[in-house]
Amino acid sequence: MKIYNTMTRKKEDFVPIRDGKVGIYVCGPTVYDYIHMGNARPMIVFDTLRRYLLYKGYDVNYVSNFTDVDDKIIKRAIEEGVTSSEISERYIEEVMQDMKDLNVMEATTHPKATEEIPDMIAMIETLIEKGHAYEVNGTVYFRTRSFKDYGKLSKKNIDDLEAGHRDEKHALKVSGEGEKEDFLDFVLWKPKKEGEPFWESPWGDGRPGWHLECSVMSKKYIGDIIDIHAGGEDLIFPHHENEIAQSEAANDVEFARYWMHNGFLKIDGEKMSKSLGNFFTIRDIGKKYPLQVIRFFILSAHYRSPLNFADTLVDSSKASLDRILTAVSRLEDALAVATDRDLTEEEKEVKARLAEYVTKYENAMEDDLNTADAISVIFEMVKLTNSSVTADSAKSLVQEAFTTIGKLCDILGIITKVEAEILDSNIEALIEERQAARKAKNFARADEIRDTLAAQGIILEDTREGVKWKRA
Ligand code: AMP
Ligand code: ZN
């Protein structure tokens, strides 16, 4: 697979560090409110990357944090007269709900910053020992110029950065806040202020800086080197640049092999954001559209392109998705009546074309996760099956078309099945209940269970060794 690496500004072949295993770290949201559609873009895009890597057979360790200590959370807590943790716990739950509704898989680990403070303190200590950090009046700063590669991700030159901020630097000096050795130094630990949450540390009570969280949590849950580090493009500078500086200075190894950044979700040409007030929360948009439509809309564009949000565009995504879902449900109906027989020559050709489309789909995904092209391939398949696969087709062809389209949609996190297939464990539990009902001579209940299972296509067979079952 080729991945566009922000570090090299090139598409590169993806080679994992450990054979068959991929470690992905995606910077997660700050939990002080409901998430909006812009925040959902990285969640959906990188969940799709994860699903595709799983499809290819990789073992994926997917880590995405919750920033649960931050100025915005504290501000919200003060406004509502509750504790910061009440705010963050509440919105972690709400974000998890939105993710579920968007069919975003739960991360392997969702670490919370507040639960990783000891490791953060340990990393700061290492950085101080190595001369990359220093403390002034309870604040610990990273000594930016001590990290010679600073700016390598964002392609910023350290002297230009300094020059661009001469006025600010002067203002800081005048206001007495110029305690840093250098304007470019950033905070690793900040002292507590009245009413703020805090933790004890060798530098006094305080809390960690935002950038540090990700360096520490990715190291703990993935390792010193991670395969893919991802997030929105606004995180390239300073957040990811600072993460690199901290991690590489502390661990002495390359931090991340591939850097992936999604483009902005825009509205009227401007980035959707809380601060501009031009946002729709996932919760609100979910009242208007099934969230599956939003997921499909977001994946209709390449993840690095900007994507404009407008009702008309989402409406047309809804119509497109309906076309796929209708085709799948038509195939499902055909499957129920199609006959088991050998394929005709024509049908063999249709089957071969389906296989070609799978390759074409994979090629699109292999090309830097081009979900836009992958979706076009699904449409080609829908067109082919609508015209060439019917209730009169051989059952194996209908089955092939049905499962193939379903599988390719599933990689995108799009659910095509009207009803989720009943799980084996549920079947066994129902069979046990039926046996118990029969023993208790409750034949009405026993028959009811048999009918329920039959409706799901499960056939029961009473044998001497007990009850056996199979799918119809
Ligand atoms: P935040 O809570 O602001 O740190 O954002 C969480 C994630 O959402 C980050 O990866 C951001 O880059 C991403 N993000 C925020 N706004 C947008 C947007 N309008 N379009 C795409 N990604 C965004
Ligand atoms: Zn981060």
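Definitions and limits used
- Residues numbered from 1 in each chain as written.
- Chains lettered and ligands numbered in written order.
- Predicted model: local features only at pLDDT ≥ 70, side-chain atom pairs only at ≥ 80, totals over all residues.
- Heavy atoms only, no water.
- Near = heavy atom within 4 Å.
- Polar contact = N/O pair within 3.5 Å; in protein donor to acceptor, adjacent residues only side chain to side chain.
- Areas by Shrake-Rupley, 256 points an atom, 1.4 Å probe, with all protein chains shown as cover.
- Helix = DSSP H or I, 4+ residues; strand = E, 2+ residues; numbered from the N terminus.
- Nonpolar A, V, L, I, M, F, W, Y, C, P; charged D, E, K, R; others polar.
- Phe/Tyr/Trp six-rings, centres within 6.5 Å; stacked < 30°, edge-to-face > 60°.
- Lys NZ or Arg CZ within 6 Å of the ring centre and 35° of its normal.
- Core = buried A, V, L, I, M, F, W, Y, C linked by side-chain atoms within 4.5 Å.
- Buried < 20%, exposed > 50% of the residue type's maximum accessible area, 1.4 Å probe, protein only.
- Contact = heavy atoms within 4.5 Å.
- Axes fitted to C-alpha atoms, helices over the stretch in contact; angles between N-to-C directions.
- Parallel < 35°, antiparallel > 145°, perpendicular 65-115°, else oblique.

Trainee: Kindly report on the site of ligand 1, identifying the contributing residues and their values.
Mentor: For ligand 1, the set of nearby residues contains 16 residues, the closest of which are Gly-38, Gly-232, Asp-234, Leu-265 and Met-272. Take Asp-234: an N or O atom from its side chain is 2.4 Å from an oxygen atom of ligand 1. One of the side-chain N or O atoms of Asn-262 is found 3.3 Å from a nitrogen atom in ligand 1. Coverage of ligand 1 by the protein amounts to 88% of the 490 Å² it exposes when considered alone. When contributions to the shell around ligand 1 are tallied by element, the ones reaching two or more residues are helix H1 (37-55) and strand E9 (226-232). The dominant element in the shell around ligand 1, judged by the number of residues it contributes, is H1, at 3 residues. Taken together, the residues of the shell around ligand 1 break down into 6 nonpolar, 8 polar and 2 charged.

Trainee: Any details on the packing of aromatic side chains? Residues and values, ideally.
Mentor: Both the distance between ring centres and the angle between the ring planes are used here to describe each pair of aromatic rings. A full pass over the atoms with the stated rule returns 11 aromatic pairs. Aromatic pair Phe-297 and Phe-309: ring centres 6.2 Å apart, planes at 85 degrees, arrangement edge-to-face. Of this pair, Phe-297 sits in helix H10 (residues 291-299) while Phe-309 sits in the loop between strand E13 (307-308) and helix H11 (311-337), and the two are 12 residues apart along the sequence. By the ring-pair criterion, three or more aromatic residues cluster together here, those being Phe-14, Tyr-58 and Tyr-258. Above the plane of the ring of Phe-237 lies Lys-156, whose end atom (NZ or CZ) is 4.8 Å from the centre. Its guanidinium or amino end placed over the ring of Phe-183, Lys-180 lies 5.4 Å from that ring's centre, counting from NZ or CZ.

Trainee: Can you tell me about the nonpolar core, naming the residues and giving the values?
Mentor: In this structure, Leu-53 and Ile-228 are the most contacted members of the largest nonpolar core, which totals 92 residues. Take this core: its biggest share by element is 9 residues, from H1. Not counting residues up to four positions away in its chain, the partners in contact with Leu-53 are Met-1, Phe-14, Val-22, Ile-24, Tyr-58, Val-60 and Ile-228. Among the nonpolar cores identified, the runner-up in size contains 41 residues, and Tyr-150, Leu-212, Cys-214 and Ile-244 belong to it.

Trainee: Go over unusual backbone geometry, please, and point to the residues and values.
Mentor: Between Phe-237 and Pro-238 the backbone carries a cis peptide bond, its omega angle lying at 0 degrees. Summarising the element assignment, Pro-238 is placed in helix H8 (residues 236-251). Look at Asn-103: it is not a glycine, yet its phi comes out positive at around 60 degrees. With respect to the element layout, Asn-103 can be found in the loop between helix H3 (84-101) and helix H4 (117-129). For Asp-368, which is not a glycine, the phi torsion comes out positive at approximately 55 degrees. A residue is classified by how much of its surface remains accessible, and Asp-368, at 0% relative accessible area, is buried.

Trainee: Hey, could you go over the packing of H4 against helix H7 (residues 210-221) for me, with residue numbers and the actual values?
Mentor: In the contact formed by H4 and H7, the axes pass within 9 Å of each other and the chain directions differ by 105 degrees. With respect to their mutual orientation, H4 and H7 come out roughly perpendicular. Contacts between H4 and H7 involve Asp-119, Met-120, Met-123 and Ile-124 from the former and Leu-212, Glu-213, Ser-215, Val-216, Lys-219 and Lys-220 from the latter. Its residues assigned to classes, the contact of H4 with H7 comprises 5 nonpolar, 1 polar and 4 charged.

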